[in-house]
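# Fold and geometry: a report
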Amino acid sequence: MALCTSSIGSLKFAIYSDLQIRSLNTLKCQHNRVSCNYAQFHEVVYRIGKEKKSRCLGRLGSSEGDCERIILKGVTGTVLPGEMLAMLGPSGSGKTTLLTALGGRLGGHLSGTISYNGKPFSDAINRSIGFVTQDDVLYPTLTVTETLVYTALLRLPRTISKDDKIKHAVAVIDQLGLTKCKDSIVGGGLVRGVSGGERKRVSIGQEILINPGLIFLDEPTSGLDSTTAQKIVSTLWQMASGGRAVVMTIHQPSSRLFYMFHKILLLSDGNPLYFGKGSDVMDYFGSIGYSPCVAMNPSDFLLDLANGVYEGAAEEMQGQTAVKGALLDAYKANLADNQTEEFYKQMNDSRGNGNANEKMMKKWNTSWLQQFRVLLERGIKERRHETFSVLRVSQVIVVAVITGLLWWRSTVGHIQDQIGLLFFYSSFWSFYPVFQAIFTFPQERLMLTKERASGMYRLSSYFMARMAGDMPMDVVLPIVFVTMTYWMGGLNPGAAHFFYTLAVVLLCVLVAQGLGLAVGALLMDLRSASTFSSVLLLTFLLASGYYVQHVPVFISWIKYISFNHYAYKLLLTSQYTKKQTYKCGSDSICLVQDFAPIKLVGLDQEVTSLVALLLMLIAYRLIAYMSLMRVGAKP
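Rules behind the numbers
Residues numbered from 1 in each chain as written. Predicted model: local features only at pLDDT ≥ 70, side-chain atom pairs only at ≥ 80, totals over all residues. Heavy atoms only, no water. Helix = DSSP H or I, 4+ residues; strand = E, 2+ residues; numbered from the N terminus. Buried < 20%, exposed > 50% of the residue type's maximum accessible area, 1.4 Å probe, protein only. Contact = heavy atoms within 4.5 Å. Areas by Shrake-Rupley, 256 points an atom, 1.4 Å probe, with all protein chains shown as cover. Pairing = 2+ DSSP bridges. Axes fitted to C-alpha atoms, helices over the stretch in contact; angles between N-to-C directions. Expected span 1.5 Å × (residues − 1). Arc of directions from axis to C-beta. Salt bridge = Lys/Arg side-chain N within 4 Å of Asp/Glu carboxyl O. Parallel < 35°, antiparallel > 145°, perpendicular 65-115°, else oblique. Left-handed = near helix turned anticlockwise from the far one by under 90°. Phe/Tyr/Trp six-rings, centres within 6.5 Å; stacked < 30°, edge-to-face > 60°. Lys NZ or Arg CZ within 6 Å of the ring centre and 35° of its normal.

### Describing the overall build of the protein chain
- Helix and strand counts for the protein chain stand at 26 helices and eleven strands.
- Residue burial in the protein chain is summarised as follows: out of 635 residues, 51% are buried.
- Within the protein chain, residue pairs in contact and separated by at least 24 positions form 77% of the contacts whose partners lie at least 6 positions apart.
- Here the protein chain has roughly 29000 Å² of accessible surface; of this, 59% comes from carbon and sulfur atoms.

### Considering the sheet that holds strand E1 (residues 39-49)
- Reading across the sheet, the three strands line up as E2-E1-E4 and stay open at both edges, with antiparallel pairing between neighbours. Two strands close off the open sheet at either side, each with one partner strand: strand E2 (68-79) and strand E4 (109-116). On average, each strand axis in the sheet is inclined to that of its neighbour by 10 degrees, with strand direction left out of account.
- Pairing of E1 with E2 involves nine bridges; the strand directions are antiparallel. Following the sheet pairing, Tyr 46 is matched in E2 by Leu 72.
- Each of E1, E2 and E4 touches helix H4 (residues 95-102); the most contacted strand, E4, lies at about 55 degrees to it.

### What about helix H13 (residues 320-334)?
- Compared with an ideal rise of 1.5 Å per residue, which puts 15 residues at 21 Å, H13 spans 21 Å between its outermost C-alpha atoms and is within 8% of the ideal.
- Residues of H13 that are buried include every one of Val 323, Leu 327, Leu 328, Ala 330 and Tyr 331, and no others. Taken around the axis of H13, the buried residues stretch over an arc of 160 degrees, which confines them to a single face. Turned more than 90 degrees away from the buried face of H13 sit Thr 321, Lys 332 and Ala 333, all of them exposed.

### Some thoughts on the pairing of strand E8 (residues 263-268)
- Of all six residues making up E8, six are buried, and the element is well covered by its neighbours.
- Judged by which residues are buried, E8 turns out to be covered on both faces: Lys 263, Leu 265 and Leu 267 on one side and Ile 264, Leu 266 and Ser 268 on the other are all buried.
- When strand E3 (residues 84-88) meets E8, the two strands line up parallel, connected through four bridges. The residue bridging Leu 85 from the neighbouring strand is Lys 263, located in E8.
- The sheet contact formed by E8 and strand E9 (residues 271-277) spans six bridges and is antiparallel. By the bridge assignment, Ile 264 is partnered in E9 with Gly 276.
- Where E8 folds back on E9, the antiparallel hairpin that results is connected by two residues, among which Asp 269 adopts a positive phi of roughly 55 degrees.

### Thoughts on the environment of Gly 118
- One can find Gly 118 in the loop between E4 and helix H5 (123-126).
- Owing to a relative accessible area of 28%, Gly 118 belongs among the partly exposed residues under this scheme.
- Counting along the chain gives 81 residues from Gly 118 to Asn 37, while the straight-line C-alpha distance between them is 9.6 Å.

### Regarding the pattern of salt bridges
- On inspection of all chains with the given rule, the structure shows 14 salt bridges.
- Arg 47 is the salt-bridge partner of Glu 68, the closest N and O atoms lying 3.2 Å from each other. Here the residue Glu 68 occupies a position in strand E2, and Arg 47 occupies one in strand E1, the gap between them amounting to 21 residues.
- Exposure remark for Glu 68: the relative accessible area of 24% places this residue in the partly exposed category.
- For Arg 47, a relative accessible area of 30% corresponds to the partly exposed category.
- In this structure, the salt-bridge partner of Glu 444 is Arg 383, at a minimum N-O distance of 3.9 Å. Placement of Glu 444 in the loop between helix H19 (440-443) and helix H20 (445-453) and of Arg 383 in the loop between helix H15 (368-382) and helix H16 (384-387) is noted, with a sequence separation of 61 residues between them. Arg 383 matches Glu 444 in its accessibility class, with the two residues each being buried.

### Let's talk about the sheet that holds E9
- Strand order in the open sheet formed by six strands is E5-E6-E7-E3-E8-E9, and the pairing between neighbours is mixed. Strand pairing shows two members of the sheet lacking a second neighbour, strand E5 (129-132) and E9, which therefore form its edges. Geometrically, the sheet is characterised by an average inter-axis angle of 10 degrees between neighbouring strands, direction not taken into account.
- Note that strand E6 (residues 214-218) and strand E7 (residues 245-249) share five bridges and pair parallel.

### Details of the packing of helix H6 (residues 144-155) against helix H7 (residues 162-175)
- One can describe the packing of H6 onto H7 by two numbers: an axis separation of 9 Å at closest approach and a directional angle of 135 degrees. With respect to each other, H6 and H7 are oriented oblique. Where H6 crosses over H7, the two elements pack in a sense that is right-handed. Counting all contacts with H6, which are made through Thr 145, Leu 148, Val 149, Ala 152 and Leu 153, the residues of H7 involved are Lys 162, Lys 165, Ile 166, Ala 169 and Ile 173.

### Re the side chain of Thr 78
- Looking at the secondary structure, you find Thr 78 in strand E2.
- Leave out the neighbours within four places in its chain, and Thr 78 touches Ala 39, Gln 40, Phe 41, Glu 83, Lys 263, Phe 275, Glu 342 and Phe 343.

### Observations concerning the packing of aromatic side chains
- For the coordinates displayed, the defined rule picks out 35 aromatic pairs.
- When the centroid spacing of 5.5 Å and the interplanar angle of 80 degrees are considered together, the rings of Phe 423 and Tyr 568 count as edge-to-face. Placement of the pair is Phe 423 in helix H18 (residues 415-437) and Tyr 568 in helix H24 (residues 563-575), with a sequence separation of 145 residues.
- The exposure class assigned to Phe 423 is buried, which follows from its relative accessible area of 3%.
- Aromatic pair Phe 424 and Phe 428: ring centres 5.7 Å apart, planes at 20 degrees, arrangement stacked. With a gap of four residues between them, Phe 424 and Phe 428 both fall in helix H18, about one helical turn apart.
- For Phe 424, a relative accessible area of 23% translates into the label partly exposed.
- Taking the relative accessible area as the measure of exposure, Phe 428 reaches 16% and is therefore buried.
- These aromatic residues form a ring-pair network of at least three members: Trp 407, Phe 424, Tyr 425, Phe 428, Trp 429, Tyr 432 and Phe 481.
- For the cation-ring pair, Arg 127 lies above Trp 364, with the distance from its terminal atom to the ring centre recorded as 4.5 Å.

### Section: helix H8 (residues 196-208)
- Compared with an ideal rise of 1.5 Å per residue, which puts 13 residues at 18 Å, H8 spans 19 Å between its outermost C-alpha atoms and is within 8% of the ideal.
- Taken together, the buried positions of H8 are Gly 197, Arg 199, Lys 200, Arg 201, Val 202, Ser 203, Ile 204, Gly 205, Gln 206, Glu 207 and Ile 208.

### Points about the environment of Ile 264
- Mapped onto the secondary structure, Ile 264 falls in strand E8.
- Its relative accessible area of 0% is what places Ile 264 among the buried residues.
- Along the backbone, Ile 264 and Ser 279 are 15 residues apart, and their C-alpha atoms lie at a distance of 8.9 Å.
- Beyond its immediate stretch of four places on either side in the chain, Ile 264 contacts Leu 85, Ala 86, Leu 88, Phe 258, Tyr 274, Phe 275, Gly 276, Gly 278 and Leu 302.

Note that all results are geometric; they support no functional claim without further evidence.
Encoded structure:
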């Protein structure tokens with residue numbers, strides 16, 4: 001048995017029998033207050049459709065099997081407490097698919113048996129396992145400490161005090177060697193922050209905060225140098241030594257890393273070619289006639305075999321398909337029955353022994369109000385640079401100054417100019433909030449998917465915290481704009497008229513924001529959402545009653561679904577009354593309500609317009625909320 005001298009983990013693991021290992025690791029996880037979780041999977045098969053079945057079956061000679069692609073083809077295995085399982089295989093072999101299935105995050109045509117402590121996947125299990133995605137989904141402007149503290153406040157049980165949760169986050173920072181960068185922002189994309197290895201450790205830290213007995217990691221060493229990769233895998237090995245079960249996918253580990261893995265699963269085109277101890281893998285393939293011709297990294301040799309590449313003397317001319325077929329036949333003949341036997345044995349041993357903490361974990365870890373407070377604080381801190389940006393404030397002030405100068409001191413005699421200003425209020429404060437809001441959920445889709453999948457918080461608490469966090473600037477900017485332009489534009493100087501106008505503008509802003517949120521949540525694509533919103537808003541503006549006075553009957557119904565129409569009507573009533581007059585000629589006095597553009601819209605039905613806007617305010621947000629329910633929802 002070839003072992004690297006630095007591979008202490010494999011050496012310790014190899015000198016015990018399976019029974020001794022299980023007993024030892026049970027004591028370890030109990031000592032470290034870790035749930036002794038383990039995962040089993042038996043004959044896992046996953047299929048995806050190549051194209052629509054109706055179209056595929058319509059082709060001559062096509063069968064149902066031709067319309068789908070099988071990603072996983074009957075994979076079986078077990079990972080116990082104290083073990084670190086590495087899934088190896090070339091790109092497209094099904095590693096990430098299997099890991100996602102084991103993490104309970106894969107929908108579709110999945111068959112076979114996956115169990116945790118002998119039980120199927122549940123919300124309680126979901127909250128007791130950790131799942132680290134390949135891409136580090138983190139808020140770039142939060143510091144390392146803030147990231148882990150907010151995660152601790154959301155994911156740790158409500159029975160733990162806030163101070164203890166913060167202390168636990170600090171302890172994880174020390175455990176992962178992040179002390180030096182704890183006050184640095186995480187960064188990512190265009191924001192410079194910590195290094196890639198440190199960012200990966202932050203992602204791992206978010207999951208080990210809950211002290212999981214089972215943790216899944218997708219390519220934790222991807223894009224990292226060998227030294228950084230060694231540090232991360234060493235950290236994971238220490239976690240496994242403490243009684244946790246660690247499962248990871250890894251593409252091409254160095255020989256130092258390879259011998260740290262207790263178990264190896266080798267996949268090729270969705271088929272298992274090996275499952276067993278990492279220390280036995282080379283001996284196994286040697287026993288079936290596949291040995292490297294020269295000394296080489298075991299993982300390189302295994303990847304060659306998984307790709308069907310073998311330079312053995314007797315099979316030098318053998319094709320890739322033939323090599324894969326021979327390895328698969330050898331697996332079925334030598335290993336498959338043993339894996340199935342271990343699966344059922346472990347199932348029988350665990351029957352009735354489920355996780356003692358499962359009943360305690362069925363409820364949310366924190367209350368709705370606690371989630372709302374933490375998410376609100378985190379959201380404000382994360383978006384503080386965006387919300388209070390100089391550019392955002394400046395553009396509103398500049399537009400306000402230009403508007404005030406263009407409508408400088410309009411009088412009631414210039415009624416056309418005044419209603420033009422009122423219509424500009426309704427149009428500007430429709431476009432601006434909509435195009436601010438459509439970015440909200442598409443930008444946070446990955447984070448929302450990740451955190452909802454882990455059961456971190458309720459969707460309702462996130463939604464309400466997001467609305468509340470955006471509210472200050474959504475209210476302050478319109479107030480500044482109206483205050484600057486109202487008297488410059490010569491509108492009715494009375495306090496009641498001013499506050500009436502301001503209230504209508506704020507209501508228009510909230511409705512427009514709701515529309516933007518709904519469109520963004522429905523489409524979840526910025527380009528599509530921007531195009532759709534532009535067309536929709538232009539339609540609403542054209543039908544609002546300012547541009548076109550003689551609208552054909554067959555299309556006039558659009559104004560009844562246009563919030564701009566109702567906002568414009570209320571703005572008119574904020575300035576004029578039915579009995580108010582104006583000079584319509586050198587010696588003529590006319591009623592304002594008879595002025596053609598105003599007469600078309602009318603100065604009545606204020607209550608109806610107000611109710612319509614309030615209904616739209618609620619309806620748009622309900623649409624946004626219901627659309628978000630599919631993001632990160634369990635398949």
